[in-house]
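Observations on chain architecture
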Amino acid sequence: GLGFNIVGGTDQQYIANDSSIYVSWIKKDGAAYLDGRLQEGDKILAINGKDLKDLRHKDAVELFRNAGYYVSLKIQRRLQPQNGPVGHAGDGESGGLPLAAILVPGLALAATAVWILLRYRQRM
């Protein structure tokens with residue numbers, strides 16, 4: 001096969017009020033994975049020049065199964081959030097500075113200030 005799964009269609013909408021066909025999964029080491037251009041979440045607009053608009057899911061699957069050896073896909077890349085880089089929820093990364101990057105210099109500065117104050121008091 002082509003090395004990926006699709007979802008969607010007029011009878012199995014993946015996104016509400018959208019009967020488009022989407023890439024749901026890419027098989028590691030499959031044709032699409034090795035090519036590297038297709039991504040999960042991409043909308044497939046056409047295969048070998050055949051528009052996928054208003055097709056039932058099984059009809060779209062049939063087009064992919066009968067695509068042949070050379071396959072041309074017209075896709076629309078999934079939209080990225082406007083708020084910043086894409087990340088994975090719960091991966092422990094906040095996207096900001098690590099707490100240690102703020103605390104360590106702050107503690108060093110405070111310790112230096114205390115040392116200077118104590119040295120200054122001893123001279124009085």
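Residues numbered from 1 in each chain as written. Predicted model: local features only at pLDDT ≥ 70, side-chain atom pairs only at ≥ 80, totals over all residues. Heavy atoms only, no water.

Per an unreviewed UniProt entry, the protein chain goes by the name Synaptojanin-2-binding protein and belongs to Prunella fulvescens. What the UniProt record of the protein chain gives under Subcellular location (unreviewed entry) is the line "Mitochondrion outer membrane". (UniProt positions renumbered as here; feature names shortened; annotations may be inferred.)

**Some details on the side chain of H57**
Residue position: H57 is located in helix 2 (residues 57–65). With near-sequence residues (within four places) excluded, H57 lies in contact with I6, V7, G8, G9, D11 and Q12. (Helix = DSSP H or I, 4+ residues; strand = E, 2+ residues; numbered from the N terminus. Contact = heavy atoms within 4.5 Å.)

**Quick word on the side chain of D18**
Mapped onto the fold, D18 is located in the loop between strand 1 (4–8) and strand 2 (21–26). One polar contact links D18 to Y22, side chain to side chain, over a distance of 2.4 Å. Those residues in contact with D18 that sit more than four places away from it in its chain are Q13 and K43. (Polar contact = N/O pair within 3.5 Å; in protein donor to acceptor, adjacent residues only side chain to side chain.)

**Some details on the packing of aromatic side chains**
For the structure shown, the criterion picks out 3 aromatic pairs. On the basis of an interplanar angle of 90° and a centroid distance of 5.7 Å, the ring pair of F4 and F64 is categorised as edge-to-face. With F4 in strand 1 and F64 in helix 2, the pair connects residues that are 60 residues apart, well separated along the chain. Residues F4 and F64 agree in their burial class; the two are buried. Here Y14 and Y22 contribute two aromatic rings whose centre-to-centre distance is 5.5 Å and whose plane-to-plane angle is 45°, an arrangement assigned as tilted. For Y22, a relative accessible area of 7% gives the class buried. (Phe/Tyr/Trp six-rings, centres within 6.5 Å; stacked < 30°, edge-to-face > 60°. Buried < 20%, exposed > 50% of the residue type's maximum accessible area, 1.4 Å probe, protein only.)

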